[in-house]
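Structure at a glance
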Amino acid sequence: MKTIICEASPKAIEQAVALIRDGGLVAMPTETVYGLAADATNGRAVARIFEAKGRPSFNPLISHAADLEMAMKYGEFSDMARKIAAHFWPGPLTMIVPRKESSGISDLTTAGLKTIAIRVPSHKIAQDLIKAAGVPLAAPSANASGTISPTAPFHVIQSLGGKVDMVLAAGICAIGLESSVLDLTGDAPVMLRPGAVLPEDIAAIIDAPVGTDYNPKDAPKSPGQLLRHYAPSIPLRLRAVDVMPGEALLAFGSLKFMALRGGGAASSLPEDSMRNLSEERDLNEAAANLFRMMRELDTQDHTGIAVMDIPETGLGVAINDRLKRAAQG
Ligand code: TXA
Ligand code: MG
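Here the structure is a predicted model, which means the values were calculated and not measured.

1. Describing the overall build of the chain
Helices and strands together make up the secondary structure of the chain, namely nine helices and 17 strands. Taken against the 2.2 N^0.38 rule, which gives 20 Å for 329 residues, the C-alpha radius of gyration of the chain at 20 Å falls within 12% of a compact globule. Seen through its principal axes, the chain has C-alpha atoms that stretch 65 × 50 × 35 Å. For the chain, the proportion of its 329 residues judged to be buried stands at 55%. A separation of at least 24 residues holds for 69% of the contacts in the chain among residues at least 6 apart in sequence. As presented, the chain carries roughly 14,200 Å² of accessible surface, and 53% of it is formed by carbon and sulfur atoms.

The following block contains the structure:
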């Protein structure tokens, strides 16, 4: 298959909508990562997503809606869910709610569950595409299953070129980490995947505690919780305090105290063997850079990647979650 690559424009969106109506796959930009979108109500189109990603088909997908009103056609939103939506949508938050019986969403999208994951993205192009398509778009990250999520159009081409009908290119994703996933189907809200919307942000809005369950002991409720996920092809060594021979360095902050094992300063590493997530130790900047820099260091020239310590606060929780999963293996 030939993949059409287009700068996102009104005309390109028109073409993308025609493809989606026809059961095609379109890689769409969002503020978190690029998504591999298809009509969530069309089982055959959704099956193509699983095929392109090589993803186990028991994994439920997120349905993307243009706004809360549209989302309410597919899911049951309690007062609390509406309050959360009013505050955090559009934005990097996915909510799991009971699925409406008559929703028309394909069982393949929700993996046969009685619940549905819905998100309203804030990215202008994603918004325009969903509105023009007039149907919810099922969209996991636009990468081969188990590999690093794409934060730039060419990451999508590298991973899925020839397997998607079209890539709507719109530069680099501002947030760079997948959305926070909040489960609202139990007695109390529980965050299943950490992201840019923090549990404490939600707790403040609903004035009630929000639990977290990022590493469940039993069968994962959310396949994003599978331990090895988001992985590069070479080993990752976390909380490194020095760099071993052959390793690349993924730095965070100042390199002043970072040395090469066997002698020398980390700052003397060749340019291709070092990236700094954020010299200023800004966690937002680090999140936006994380997946791209992991990809850039993931070459056969390196035996592994040493990653400096990142504080387990705020967005650092989501960054460390992705790093820990990438380090399993
Ligand atoms: O930022 C994002 O969320 C991106 C962009 C493209 O929007 N999408 C994304 O989709 O990361 P995906 O399919 O890679 O992640 C969906 C997550 C998985 O962890 C999945 O297990 C969980 O949502 N999920 C979906 N439906 C669920 C359900 N009914 N119950 C529990 N977890 C669910
Ligand atoms: Mg993914």
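After presenting the structure, the write-up continues.
2. Details of the pattern of salt bridges
The full count for this structure, using the stated rule, is 13 salt bridges. Here Glu31 and Arg119 are joined by a salt bridge, their closest N and O atoms 2.9 Å apart. Here Glu31 is found in the loop between strand 2 (26-28) and strand 3 (35-39), whereas its partner Arg119 is found in strand 6 (residues 115-119), with 88 residues between them in sequence. You'll find Glu31 and Arg119 in the same group, each marked buried. Among the salt bridges present, the one from Glu296 reaches Arg292, with a minimum N-O distance of 3.3 Å. Of this pair, Glu296 and Arg292 both sit in helix 8 (residues 283-297), four residues apart, roughly one helical turn. What makes Arg292 partly exposed here is its relative accessible area of 22%.

3. Digging into the sheet that holds strand 8 (residues 166-169)
Strands sit in the order 1-8-2-3-7-4-6-5-9-10-11 across an open sheet of eleven strands; the sheet is mixed. In the strand order of this sheet, the two ends are held by strand 1 (4-7) and strand 11 (211-212), each with one partner. In this sheet, strand 6 lies alongside strand 4 (residues 62-64) in parallel orientation, the contact comprising three bridges. Residue pairing in the sheet places Ile62 in a bridge with Ala117 of strand 6. With respect to the sheet, helix 4 (residues 79-88) is in contact with strand 5 (93-98) and strand 9 (180-183), its orientation differing from that of strand 5 by roughly 160 degrees.

4. Remarks on the environment of Ser106
Structurally, Ser106 can be placed in the loop between strand 5 and strand 6. Ser106 gets classed as buried once you look at its relative accessible area, which sits at 10%. Separated by 65 residues in the primary sequence, Ser106 and Gly171 have C-alpha atoms spaced 31 Å apart. Sequence-distant contacts of Ser106, defined by excluding residues within four places in its chain, comprise Ala40, Thr41, Asn42, Gly43 and Arg99.

5. So, the sheet that holds strand 16 (residues 274-276)
Spatially, four strands are ordered 12-17-14-16 in an open sheet, and the strand pairing comes out parallel. Strands at the two margins of the open sheet, each flanked by one partner only, are strand 12 (236-237) and strand 16. Pairing geometry for strand 14 (residues 247-251) and strand 16, over three bridges, is parallel. If you follow Ala251 over to strand 16, its bridge partner there is Asn276.

6. Let's talk about the environment of Gly186
The topology assignment puts Gly186 in the loop between strand 9 and strand 10 (190-193). Its relative accessible area of 46% is what places Gly186 among the partly exposed residues. As a C-alpha pair, Gly186 and Pro98 span 88 residues in sequence and 10.0 Å in three-dimensional space.

7. With respect to the nonpolar core
Counting 65 residues, the largest nonpolar core has Met95 and Ile202 as the members making the most contacts within it. The contact partners of Ile202, leaving out residues within four places of it in the chain, are Ile84, Phe88, Leu93, Leu182, Met191, Val197 and Val210. Counting residues in hydrophobic clusters, the runner-up holds 25 residues, among them Leu236, Phe252, Ile305 and Ile319.

8. Here we look at the pairing of strand 17 (residues 304-307)
Look at any regular strand and the pattern is simple: side chains alternate between the two faces of the sheet. Residues Gly304 and Ala306 of strand 17 are buried on one face, and the alternating residues Ile305 and Val307, pointing to the opposite face, are buried as well. Pairing analysis gives two bridges linking strand 12 to strand 17, with the strands arranged parallel. From the neighbouring strand, Arg237 faces strand 17, where its bridge partner is Ala306. Strand direction decides the pairing type here: strand 14 and strand 17, joined by four bridges, are parallel. Across the sheet, residue Glu247 finds its bridge partner in strand 17, namely Gly304.

Reading the values: rules and limits
As a convention, each chain's residues are numbered from 1 in the sequence order in which they are written. Chains carry letters and ligands carry numbers; both start at the beginning, A for chains and 1 for ligands, and go up in the order they are written. It should be noted that, the model being predicted, local features are given only for residues of pLDDT at least 70 and side-chain atom pairs only at 80 or more, the latter also being counted only at that level, while totals for whole chains, interfaces and linings use all residues. Computation of side-chain values covers all heavy atoms of the structure but excludes hydrogens and water. Secondary structure elements are taken from DSSP: a helix is a run of H or I of four residues or more, a strand is a run of E of two residues or more, and numbering for both begins at the N terminus. As defined in this context, the radius of gyration uses C-alpha atoms, and a globule is described by 2.2 Å times the residue total to the power 0.38. To sort residues, take the accessible area from a 1.4 Å probe on protein chains only and compare it with the maximum for the residue type: under 20% means buried, over 50% means exposed, and anything in between is partly exposed. Two residues qualify as a contact provided that any one of their heavy atoms is within 4.5 Å of a heavy atom in the partner residue. Residue exposure ignores everything except the shown protein chains as possible cover, and the areas themselves are Shrake-Rupley values with a 1.4 Å probe. The term salt bridge refers to a pairing of a side-chain nitrogen on Lys or Arg with a carboxyl oxygen on Asp or Glu at a separation within 4 Å. At least two bridges found by DSSP between two strands are what make those strands a pair. Throughout, an axis means a line fitted to C-alpha atoms (over the contacting stretch in the case of helices), and angles, computed between N-to-C directions, take values from 0 to 180 degrees. Nonpolar core, defined: a set of buried Ala, Val, Leu, Ile, Met, Phe, Trp, Tyr and Cys residues in which side-chain atoms within 4.5 Å join the residues together.

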